[in-house]
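# Notes for the structure review
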Amino acid sequence: MTSTFLPDKRLGSEAGPPSGPPGADPGRTRRRVLHWLTAVGFQLPALVLFLVLVLLPILFAVYAAFFRWGGFGMPEDYIGTENFTRLFADPVFLGDLWRCLLLVVLSLALQLPFALAMAVLLNQRMRGRAVYRMLFFAPYVLSEAITGVLFSMIFAPDDGLADRVLGGIGLDGLGGEWFADPSTVMATLFLVMTWKYFGFHMMLYLAGLQSIPEELTEAALIDGANAWQRFRNVTLPLLAPTLRISVFLSVIGAIQLFDLVWVVTQGGPDHHSETMAVTMFQFGFKRYQVGYASAISVAMFGISLVFALAYQRFVLRRDLEGATTTMRGGGK
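The paragraphs below set out a description of the structure included in this document. (Residues numbered from 1 in each chain as written. Predicted model: local features only at pLDDT ≥ 70, side-chain atom pairs only at ≥ 80, totals over all residues. Heavy atoms only, no water.)

### Points about helix 4 (residues 91–122)
Compared with the 46 Å implied by 1.5 Å per residue over 32 residues, the 44 Å span of helix 4 between its first and last C-alpha is a close match. The largest bend in helix 4 is about 45 degrees, located at S107. Two or three places before V92, at the opening of helix 4, D90 has a side-chain oxygen 3.0 Å from that residue's backbone nitrogen. (Helix = DSSP H or I, 4+ residues; strand = E, 2+ residues; numbered from the N terminus. Expected span 1.5 Å × (residues − 1). Bend = angle between axes of the 7 residues up to and from the residue. Polar contact = N/O pair within 3.5 Å; in protein donor to acceptor, adjacent residues only side chain to side chain.)

Written out as structure tokens, the structure reads:
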């Protein structure tokens, strides 16, 4: 009896030469390099613009803050930290910090709750709610310059629309100098800011409200919860991420407020409506003390950076961890 040897195809020696490790595949290596070059090519223009328009100006502002410099030529008169020492001894800048804090408190206590109330109202089924949403959001679309000119005419002393309306209904005593009176300028300015920006926050809240499943509200209604209990125990907790983002944007906006104030009051009367950005502009482009203005800009940047990092660390941490977890989960 003769036996025939049949090679086992499961044996690597009979099945052919063993394949090399994955990293040794020249085609795969070439594809990875191509993908990397493609990614760099798409990101390089944005990185160059960020370097030229953001990073380099920040670094140069920090550098110029240590010089007495009028803005012409290169800084040469090195004075160390004298600009920063002067900064925190300047009553105008200290007043800017106080006014910034006042605007932040008023925004968090009045503007954002008003925007939330309007969002909850316009989230209900009602006739013409799309028109109301458009009307309330329209002021945010206007530029700050147009808004400033408009309200400068509305609150013009004696001849403005506000004084005429108050006089027409017999409330002449409530009229006044508005932007020209140190005792009323910040309140009037905050009123203009609220008219301008509350629609933006209202739309943020509307987007958050529409992402809340209706089943949860209906379940709370079946359980006997009234409107306030449904809002407090269902709507508000689910809207918390949107509220946190809104608060962050409001605070950063108050720190960097410039154009609206400049068009309406230019910081007057007697610095009573001045902000850090307005003070920086005054010293940099009106008095040609660019070194001192650079110190103000560095202080603004530092305040914004510290607030942003602290807010992310202690307030947005749970939201960011949730987003990271979701992204990782989606990749499995």
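### Thoughts on unusual backbone geometry
Look at the link from G268 to P269: it is a cis peptide, with omega at -5 degrees. Structurally, P269 is set in the loop between helix 11 (259–264) and helix 12 (276–286). Positive phi, close to 55 degrees, is recorded for Q266, a residue that is not glycine. Structurally, Q266 is set in the loop between helix 11 and helix 12. According to the relative accessible area criterion, Q266 is partly exposed, its value standing at 44%. One non-glycine residue, Y288, adopts positive backbone phi at about 55 degrees. Its place among the elements puts Y288 in the loop between helix 12 and helix 13 (290–314). (Buried < 20%, exposed > 50% of the residue type's maximum accessible area, 1.4 Å probe, protein only.)

### Section: the nonpolar core
Counting 39 residues, the largest nonpolar core has L87, L103, F155, M193 and L260 as the members making the most contacts within it. Looking at this core, the elements that each hand over two or more residues are helix 3 (82–87), helix 4, helix 7 (161–168), helix 8 (185–210), helix 10 (227–255), helix 11, helix 12 and helix 13. Among all residues touching L103, those that are not within four sequence positions of it are M186, F190, M193, A254 and L257. Counting residues in hydrophobic clusters, the runner-up holds 15 residues, among them M118, Y205, L206 and L239. (Core = buried A, V, L, I, M, F, W, Y, C linked by side-chain atoms within 4.5 Å. Contact = heavy atoms within 4.5 Å.)

### With respect to the pattern of salt bridges
Evaluation of the coordinates by the stated rule reveals six salt bridges. For R125, the salt bridge goes to E214, with nearest N and O atoms at 4.0 Å. Taken together, the residues R125 in the loop between helix 4 and helix 5 (129–141) and E214 in helix 9 (residues 214–222) connect sequence positions 89 residues apart. By sharing partners, the salt bridges in this structure join R68, D77 and E82 into a single network. (Salt bridge = Lys/Arg side-chain N within 4 Å of Asp/Glu carboxyl O.)

### Details of the packing of helix 5 against helix 8
A packed helix pair is summarised by two numbers, namely the angle formed by the two axes and the spacing between the axes. Here helix 5 crosses helix 8 at 130 degrees, and the two axes come no closer than 6 Å. With respect to each other, helix 5 and helix 8 are oriented oblique. Classified by chirality, the crossing of helix 8 by helix 5 is left-handed. Facing helix 5, whose interface residues are R133, F136, F137, P139 and Y140, helix 8 presents W195, K196, Y197, F198, G199, F200, M202, M203, L206 and Q210. In the contact of helix 5 with helix 8, the residues fall into 11 nonpolar, two polar and two charged. (Axes fitted to C-alpha atoms, helices over the stretch in contact; angles between N-to-C directions. Parallel < 35°, antiparallel > 145°, perpendicular 65-115°, else oblique. Left-handed = near helix turned anticlockwise from the far one by under 90°. Nonpolar A, V, L, I, M, F, W, Y, C, P; charged D, E, K, R; others polar.)

### Some words on a positive patch on the surface
On the surface, a cluster of positive charge is made up of R28, R30, R31 and R32. Within the fold, R32 resides in helix 2 (residues 26–64). (Patch = residues over 30% accessible without salt bridge, like charges linked within 9 Å, V, L, I, M, F, W, Y side chains within 5 Å. Areas by Shrake-Rupley, 256 points an atom, 1.4 Å probe, with all protein chains shown as cover. Lys, Arg positive; Asp, Glu negative; His and termini not counted. Charge placed at Lys NZ, Arg CZ, Asp CG, Glu CD.)

### Re the packing of helix 8 against helix 10
With their axes 9 Å apart at the nearest point, helix 8 and helix 10 run at an angle of 150 degrees to one another. The orientation of helix 8 relative to helix 10 falls into the category roughly antiparallel. Judged by the twist between their axes, the crossing of helix 8 over helix 10 is right-handed. Across the interface between the two elements, F200, H201, L204, Y205, G208 and L209 of helix 8 pack against T235, L239, T242, L243, S246, L249 and S250 of helix 10. Per-class residue counts for the contact of helix 8 with helix 10 are seven nonpolar, six polar and no charged.

In short, the description is geometric, and any link to function would need to be established separately.
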